[in-house]
Amino acid sequence: MEQLSIFDMDKTITRAATFGPFLAYAVPRHRPWRVIFLPLVLITSLGFALRLISRGRLKELNLALMLGRRIPADQLTRIARGFAGFTLARNSLAEALARIEHERAQGRRVVLATASYAFYVREIANLLGVKDVIATQTTKLEGLVSPRINGENCYGAAKLRMVQSWMAQKGLDRAQSHIRFFSDHVSDAPCLIWADEGFATNAHAPLRALAAKNGWAILDWA
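Keep in mind that what you see is a predicted model, and the values were worked out from it rather than measured.

**Student:** I'd like a description of the layout of surface pockets, backed by residues and values.
**Tutor:** Rolled over the atoms, a probe with the dimensions of a water molecule shows which regions are left empty. Size it by volume and the largest pocket reaches roughly 720 Å³. In terms of lining residues, the largest pocket is bounded by 33 residues, among which Asp-10, Ala-17, Thr-18, Phe-19 and Arg-55 are the most central. Within the residue set of the lining of the largest pocket, elements represented by two or more residues are helix H1 (19-30), helix H2 (38-49), helix H3 (55-67) and strand S3 (109-117). Class assignment for the residues of the lining of the largest pocket results in 17 nonpolar, eight polar and eight charged.

Structural data, given as structure tokens:
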């Protein structure tokens, strides 16, 4: 029986979302002059709020605006590695990190499953000693990284599909697996319902209500 403990990342093991802070960290270390495009980031965010563009497209546009449409992979890795250390030092929840260690001590396989871009999630996972990452992928072009998403944005129902695909690639049988899923947001309801044990962590009101209805544990790490 494979024992899996799958954690969302933003606002589950971090205090706040990570994409905006990543851009704020990366721009001065990559192309500081691109700060001139910040007003356009506000416009794209408004477009998302008005449901004119999708969540995934918002991510693509804002990464392109602030870092460019072709980002040298080595530079992006260097920045992501620095951001990972910054995140764990400034934006992580001690209780969440302790729970990851608790799950690992029980002999469970810890996995991060998050809508954030994989290039910096993997660096955070490395610092946590987590080998398995399911996250939104970028497109790679001969030493360059494009903000365009390769596959699906790892959010909502797409996250469950990506988790299931990852399990298939690893040769893991759902029927022979015990799965715990930890998340702060109701968008992860598909994964929480599918899991054997759901944990609503730092949950907002809609997830708290759903957790009460489904008998999921509520953990307040914030």
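**Student:** Break down a nonpolar patch on the surface for me, citing the residues and quoting the values.
**Tutor:** Residues Trp-33, Val-35, Ile-36 and Leu-38 make up a contiguous nonpolar surface patch of roughly 420 Å² in combined accessible area. Within the secondary structure, Leu-38 is located in helix H2.

**Student:** Account for the nonpolar core, naming residues and giving values.
**Tutor:** If you look at the biggest cluster of nonpolar residues, it comprises 42 residues, and the most contacted ones within it are Phe-7, Ile-13, Phe-22, Leu-63, Leu-67, Phe-119 and Tyr-120. At the level of secondary structure, the elements contributing two or more residues to this core comprise H1, H3, helix H4 (73-90), helix H5 (94-105), S3, helix H6 (118-128), strand S4 (132-136) and strand S6 (144-149). Other than its neighbours up to four places away in sequence, Tyr-120 contacts Met-9, Thr-18, Phe-19, Phe-22, Ala-80 and Phe-83. Counting 25 residues, the second largest nonpolar core, distinct from the first, contains Ala-113, Val-163, Trp-194 and Leu-210.

**Student:** Let's hear about the sheet that holds S6: which residues, and what values?
**Tutor:** Sheet strands pair by backbone hydrogen bonding; their relative direction is either parallel or antiparallel. The strand order across the open sheet formed by three strands is S2-S6-S5, and the pairing between neighbours is antiparallel. Both outer strands of the open sheet, strand S2 (71-72) and strand S5 (138-141), are each paired with one neighbouring strand and no more. Bridge count for S2 against S6 is two bridges, and the pairing is antiparallel. Within S6, the position partnered with Ile-71 by the bridge is Val-145. Against the sheet, H3 makes contact with S2 and S6, and its axis sits at roughly 150° relative to S6, the strand it touches most.

Analysis parameters
Residues numbered from 1 in each chain as written. Predicted model: local features only at pLDDT ≥ 70, side-chain atom pairs only at ≥ 80, totals over all residues. Heavy atoms only, no water. 1 Å grid on protein atoms, 1.4 Å probe; cavity = no way out; pocket = protein on both sides within 12 Å on 5 of 7 lines; lining within 4 Å. Points joined across faces, edges and corners; volume = space filled by probe spheres on them. Helix = DSSP H or I, 4+ residues; strand = E, 2+ residues; numbered from the N terminus. Nonpolar A, V, L, I, M, F, W, Y, C, P; charged D, E, K, R; others polar. Patch = residues over 30% accessible without salt bridge, like charges linked within 9 Å, V, L, I, M, F, W, Y side chains within 5 Å. Areas by Shrake-Rupley, 256 points an atom, 1.4 Å probe, with all protein chains shown as cover. Salt bridge = Lys/Arg side-chain N within 4 Å of Asp/Glu carboxyl O. Core = buried A, V, L, I, M, F, W, Y, C linked by side-chain atoms within 4.5 Å. Buried < 20%, exposed > 50% of the residue type's maximum accessible area, 1.4 Å probe, protein only. Contact = heavy atoms within 4.5 Å. Pairing = 2+ DSSP bridges. Axes fitted to C-alpha atoms, helices over the stretch in contact; angles between N-to-C directions.

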